[in-house]
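One letter stands for each residue in the lines below.
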Amino acid sequence: MLAPVTAKAMDEAFGPLGNQRNIIRWAFDKETSIGDVKRFELANIGHVIAQYKSENKSGLVSVTLARPYVESILKNKKKAEMLKAKLTGSTIEAVAKSAGVAVQQATNVTMENPVLPGGVGQEPKVVGNAFALAANKISAPIEGNTGVYVVKNVSTVKAPAIANHAEYVAKLKAQSASDAGRVLPALKSNAKIEDNRLQFNY
């Protein structure tokens, strides 16, 4: 006996049974009502007796279904609030002491590649804040991707002037070409389309 399976109209996979588009199509058929039961013959499996238990037209999922997706996010936000409250001091050394950590120096950090050393990884918000600081000023606590940071801008070196921008122009053109893919979704959102795909097997 299978545990209850949740599916959306355009899904193909039906829980552990894999691709069973015919079951999903039946569940979303206008003629199918809550409580209906139907037997499906499945190749290499045997048969399944499915019952249509309930539907959710609100566009919202239950707390039980949403929990695995949001629990870690909410926990991290709560941890960040607690860490921010601990980070006190007027100097970077005092802030580090209040948190029980050592001051670490990041060198050769750029806006184009906002990676912090020591295995920290991408932290664009932290690096952006660092570049916005005046020399020798420290930031307020910053909630990053992997932790809470306080940064001090020791020095900022301005990039030298470039005589030939052809390489960068070519790079931007390539990026712009890939952005053209956004046109179709924009057109779809403004078009009146009757979507009958859920009636078909893929």
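First things first, this report covers the structure right here in the doc. (Residues numbered from 1 in each chain as written. Predicted model: local features only at pLDDT ≥ 70, side-chain atom pairs only at ≥ 80, totals over all residues. Heavy atoms only, no water.)

**A short note on helix α4 (residues 124-132)**
By the burial criterion, the buried members of α4 are V126, V127 and A130. The arc enclosing the buried residues of α4, seen along the axis, measures out at 95 degrees, which places them on a common side. Residues of α4 that are exposed and point over 90 degrees away from its buried face: K125 and A132. Residues of α4 that are buried sit in contact with β3 (115-116), β5 (142-143) and β6 (148-149). (Buried < 20%, exposed > 50% of the residue type's maximum accessible area, 1.4 Å probe, protein only. Helix = DSSP H or I, 4+ residues; strand = E, 2+ residues; numbered from the N terminus. Arc of directions from axis to C-beta. Contact = heavy atoms within 4.5 Å.)

**Structural notes on the side chain of R21**
Counting through the fold element by element, R21 comes out in helix α1 (residues 21-27). Comment: no salt bridge for buried R21; closest opposite-charge side chain is D11, at 6.9 Å. Separated by 2.7 Å, the side chain of R21 and the backbone oxygen of A9 make a polar contact. (Lys, Arg positive; Asp, Glu negative; His and termini not counted. Salt bridge = Lys/Arg side-chain N within 4 Å of Asp/Glu carboxyl O. Polar contact = N/O pair within 3.5 Å; in protein donor to acceptor, adjacent residues only side chain to side chain.)

**Section: the nonpolar core**
As a rule of thumb, nonpolar side chains are buried together in soluble globular proteins. Of all hydrophobic cores here, the largest spans 11 residues; its members are F14, L17, I23, I24, W26, A27, F40, L42, V48, A50 and Y52. Looking at this core, the elements that each hand over two or more residues are α1, β1 (37-42) and β2 (46-51). In terms of residues, this core owes the most to one element, α1, which gives four residues. With residues up to four places along the chain from it excluded, the contact list for F14 reads V5, Q20, I23 and I24. The next biggest cluster of nonpolar side chains, apart from the first, holds eight residues, and it includes V126, V127, A130 and V151. (Core = buried A, V, L, I, M, F, W, Y, C linked by side-chain atoms within 4.5 Å.)

**Quick notes on unusual backbone geometry**
In this structure, N108 is a non-glycine residue whose phi angle is positive, near 55 degrees. Although it is not a glycine, N136 adopts a positive phi angle of roughly 70 degrees. Inspection of the secondary structure assignment puts N136 in the loop between α4 and β5.

**What to know about a nonpolar patch on the surface**
Together, Y69, V70 and L74 give the surface a local cluster of nonpolar side chains, amounting to about 340 Å² of exposed area. For Y69, the location among the structural elements is in helix α2 (residues 63-86). Residue class for Y69 comes out exposed when judged on its relative accessible area of 64%. (Patch = residues over 30% accessible without salt bridge, like charges linked within 9 Å, V, L, I, M, F, W, Y side chains within 5 Å. Areas by Shrake-Rupley, 256 points an atom, 1.4 Å probe, with all protein chains shown as cover.)

**Observations regarding the environment of K84**
Here K84 is to be found in helix α2. Residue class for K84 comes out partly exposed when judged on its relative accessible area of 34%. Once the C-alpha coordinates of K84 and I23 are considered, the two residues, 61 residues apart in sequence, prove to be 50 Å apart. Apart from residues lying up to four places away in sequence, K84 is in contact with P141, E143 and V148.

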